[in-house]
Amino acid sequence: MAKHIRLNIADIYITPLDKEKNKTDCELELLRQIFGREVVLSHDCSGKPTINIEGKYISISHSNDWLAIAISNQPIGIDIEQLHERLQRVKHMFLNSSELEQLQPLTLRKLAICWSAKEAIYKIANDIAGALGENIQLDIKQIKCGSNEFSAIIKNKCYSLEIVDVNDIYEVILAWEY
């Protein structure tokens, strides 16, 4: 059974992927466990996942061998990211020079948090976030001080983000508009 984390804004379920199944089958199996019945999983025209349960929003993320699903009564975005050296190589793709300077000293954990934060926001605001999240302004001071909650702004829209504790290898971020 998946690890279940209940937050004020959403329920989060995190589980290892079954290597014998494809990702969609793993998603459907987890949704069946969550709701106790078959759930129809589809995607809207922008690629966002939807389920056939009235008033419920869903967000899905994968990282290597892990699956994370968030369920809420309002639009949310989730991202799970492994702390991996690859983030050092691509940091200039998702962080501008000011963000990189403010994040010093730079750690893999900070990079994973920023990557996941922008990914999670992109999942609910892809129309205004920019292709690589360049329009997303993270509150770097909150991230740097080690807070589990922080905020971001895109074109005068405000988003809350929460770091969900999973383990020392992965970061999970949940985002929602407020």
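Residue numbers run consecutively from 1 along every chain, following the written order of its sequence. Only residues with pLDDT of at least 70 get local features here, since the model is predicted, and only at 80 or more are side-chain atom pairs given and counted; chain-wide, interface and lining totals rely on the full set of residues. Hydrogens are left out, water is left out, and the side-chain values use all remaining heavy atoms of the structure.

A.B. asks: Quick one: what's the story with the sheet that holds strand S6 (residues 66-72), residue by residue and with numbers?
C.D. replies: Reading across the sheet, the four strands line up as S1-S2-S6-S5 and stay open at both edges, with antiparallel pairing between neighbours. Pairing within the sheet leaves two strands with one partner each, and these edge strands are strand S1 (3-6) and strand S5 (57-63). Sheet twist, expressed as the mean angle between neighbouring strand axes with direction ignored, is 15°. Each pair of strands is called paired provided DSSP finds at least two bridges between the two strands. Working definition: helices are DSSP H or I runs of at least four residues, strands are E runs of at least two. Numbering for both runs from the N terminus. Looking at chain direction, strand S2 (residues 10-16) and S6 are connected through seven bridges and run antiparallel. In the strand pairing of S6, isoleucine 14 is matched with alanine 68. We call two residues in contact whenever any of their non-hydrogen atoms come within 4.5 Å of each other. To get an axis, fit a line to the C-alpha atoms, keeping to the stretch in contact for a helix; angles then go from 0 to 180 degrees between the N-to-C directions. Running over the sheet, helix H1 (residues 23-35) touches S2, S5 and S6 and is turned about 45° from S6.

A.B. asks: Could you give me a rundown of the pattern of salt bridges, with the residues and numbers involved?
C.D. replies: The working definition used for a salt bridge is a side-chain nitrogen of Lys or Arg within 4 Å of a carboxyl oxygen of Asp or Glu. A full pass over the atoms with the stated rule returns eight salt bridges. Among the salt bridges present, the one from arginine 86 reaches glutamate 81, with a minimum N-O distance of 2.5 Å. Given a relative accessible area of 29%, arginine 86 falls into the partly exposed group. A relative accessible area of 7% means that glutamate 81 is categorised as buried. A salt bridge links lysine 118 to glutamate 99, with the shortest nitrogen-to-oxygen separation between them at 3.1 Å. Of this pair, lysine 118 sits in helix H4 (residues 108-129) while glutamate 99 sits in helix H3 (residues 97-102), and the two are 19 residues apart along the sequence. Between buried and exposed lies partly exposed: a residue is buried under 20% and exposed over 50% of the maximum accessible area for its type, with that area taken using a 1.4 Å probe on protein chains only. Given a relative accessible area of 6%, lysine 118 falls into the buried group. Judged by its relative accessible area of 5%, glutamate 99 falls in the buried class.

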